[in-house]
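A closer look at the structure
The residues making up each chain are set out below.
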Amino acid sequence: LIISSSLYAADNPPNVILVLADDLGAKELSCYGSKKHTTPNLDRMAAEGTRFETFYAMPLCTPTRVCLMTGQYGFHNGFLGMQDPAFKPKADSPKADIGNHFTHADLMKSRGYATAQVGKWQLSGNLPTLVKDTGFDEYMMWAYDHNLPDGVKHPGRENGAKASRFWHPSLIRNGEYLPTTPVDYGPNMFNEFVIDFAKRNKTSPFFIYYTSVLTHGPHLETPDPNNLGKRWPAGFKSNLEYLDHLMGKLLDGLKAEGLDENTYIIFIGDNGTGSDGKGTLTALGARVPCIIRGPGVQRGVVSRAVADLTDIMPTLADISGAELPKDTPFDGHSLVPVLRGEKETHRDWIYSHLDDGRILRDSRWLLEIDKAGKGERFFDCGGSRDGSGYKDVTTSTDPHVVAARKRFDAILASMPEPKP
């Protein structure tokens, strides 16, 4: 790896906080053009860093999380999908246990980083080594019932069913149950843990994987930041704007500790917005925000380089000075040259998948292939990146369209075909 002194110094490696928002498509943030929502702190983060117009995740939670942690598409890590067991590793397969994979936390620990995971987990593992198996020194996670220690029954419920992640949250901290009350709000507690971990490790480099439970439903009331004891009304808008409030508290907390100038914050979403893209083999299901702020990163840049989840792992290697294992396949490329302003383009195409459905995108063209061979759509997007003005050219015989479609076929042919 060739590391720029502006992004990496042997005597003062930069800290990294990787934030993964839940069920948040790019179109929801005001810096991405939303007129419905106000997100001043994420807008501030974008103004102080680089925002990618076209960044793809997987259309559903689990394949995104495994892809992000491993730097691999599903045909390498085994998680092509989430709900259909035919597209996940069998329960007795080594690949089914995320602890058996080389993860981004393993990468950062190899460089001497203190590591923490905070928030939603929803992956494999058992107490007491749950989460720590994947390279994290500490964690505080939202715990499902099966994650709780024997004999513990958490009283807080969401809609009378699942153990709560919001009010009266069900939490495990470093293997131990953390009792909470009905007035405790999980997103606040997770955010406070992130700031506290940063404070406790300010003299050595740290990596925090902050898997936010916002903005996933149920979209309950949130605290009112301006009126102690009062609440904002329920709904997606309040949940997103409260997440933005927490990002502001995070930025301010880092600054108060003198950490903001040497800390990268990478903010992305895990899939398209719930009930508006999530789970669909469409650009709306895959396009998520990606904002990167940190030392050496160009400020106020809106990048048109296409990028996806697999690019985060080599980017982490580049900015930390860690080396990726040579015996493991990685599917992405470091974003550092784009972040430094050395390149405007990044890679020729990006990819997303769910079960045997696939999405392929380059700077102009978009291919959406439904599951189970139920159809496909090919679009000429022109210069647009947000879905507006896309032209459906699926049946076109125009030579430019035919040539582009053949090029996409060749890219897909270079990958293992997703099969049950």
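Residues numbered from 1 in each chain as written. Predicted model: local features only at pLDDT ≥ 70, side-chain atom pairs only at ≥ 80, totals over all residues. Heavy atoms only, no water.

Once that is clear, we can look at the overall build of the protein. Looking only at helices and strands, one finds 10 helices and 21 strands in the protein. Against the 2.2 N^0.38 benchmark of 22 Å for 420 residues, the protein shows a C-alpha radius of gyration of 21 Å, consistent with a compact globule. Overall, the C-alpha framework of the protein stretches about 65 × 50 × 45 Å when taken along its three principal axes. The buried share among the 420 residues of the protein stands at 58%. A separation threshold of at least 6 residues defines the contact pool for the protein, and within that pool the share at least 24 residues apart is 66%. Seen as two clouds, the 47 positive and the 52 negative side-chain charges of the protein have centres 2 Å apart. (Helix = DSSP H or I, 4+ residues; strand = E, 2+ residues; numbered from the N terminus. Rg over C-alpha atoms; globule rule 2.2 N^0.38 Å. Buried < 20%, exposed > 50% of the residue type's maximum accessible area, 1.4 Å probe, protein only. Contact = heavy atoms within 4.5 Å. Lys, Arg positive; Asp, Glu negative; His and termini not counted. Charge placed at Lys NZ, Arg CZ, Asp CG, Glu CD.)

Further remarks concern the sheet that holds strand E20 (residues 376–380). If you trace the five strands from one edge of the open sheet to the other, you get E17-E18-E19-E20-E21, paired in antiparallel fashion. Only two strands of the sheet have a single partner each, and these edge strands are strand E17 (350–354) and strand E21 (391–392). The pairing of strand E18 (residues 357–361) with strand E19 (residues 365–369) spans four bridges and is classified as antiparallel. Note on E19: the bridge partner recorded for Ile 359 is Glu 368. Sheet strands in contact with helix H10 (residues 399–413) are E17, E18, E19 and E20, and its direction is about 55° off that of E19. (Pairing = 2+ DSSP bridges. Axes fitted to C-alpha atoms, helices over the stretch in contact; angles between N-to-C directions.)

Attention shifts here to the packing of aromatic side chains. Both the distance between ring centres and the angle between the ring planes are used here to describe each pair of aromatic rings. Here the structure, examined in full by the defined rule, presents 14 aromatic pairs. Judged by centre distance (6.4 Å) and plane angle (25°), the ring pair of Phe 166 and Tyr 185 falls under stacked. With Phe 166 in the loop between strand E7 (162–163) and strand E8 (171–173) and Tyr 185 in the loop between strand E9 (176–178) and helix H5 (186–200), this pair connects stretches of sequence that are 19 residues apart. Taken as a pair, Phe 166 and Tyr 185 share a single burial class, namely buried. Between Trp 167 and Tyr 185, the ring centres sit 4.6 Å apart and the planes meet at 45°, which makes this aromatic pair tilted. With Trp 167 in the loop between E7 and E8 and Tyr 185 in the loop between E9 and H5, the pair connects residues that are 18 residues apart, well separated along the chain. Exposure remark for Tyr 185: the relative accessible area of 3% places this residue in the buried category. One aromatic cluster in this structure is built from Phe 166, Trp 167, Tyr 185, Trp 232 and Tyr 242. It is Arg 51 that lies over the ring of Tyr 32; its NZ or CZ is 4.4 Å from the centre. Here the basic side chain of Arg 347 rests over the ring of Trp 349, its NZ or CZ set 5.4 Å away from the ring centre. (Phe/Tyr/Trp six-rings, centres within 6.5 Å; stacked < 30°, edge-to-face > 60°. Lys NZ or Arg CZ within 6 Å of the ring centre and 35° of its normal.)

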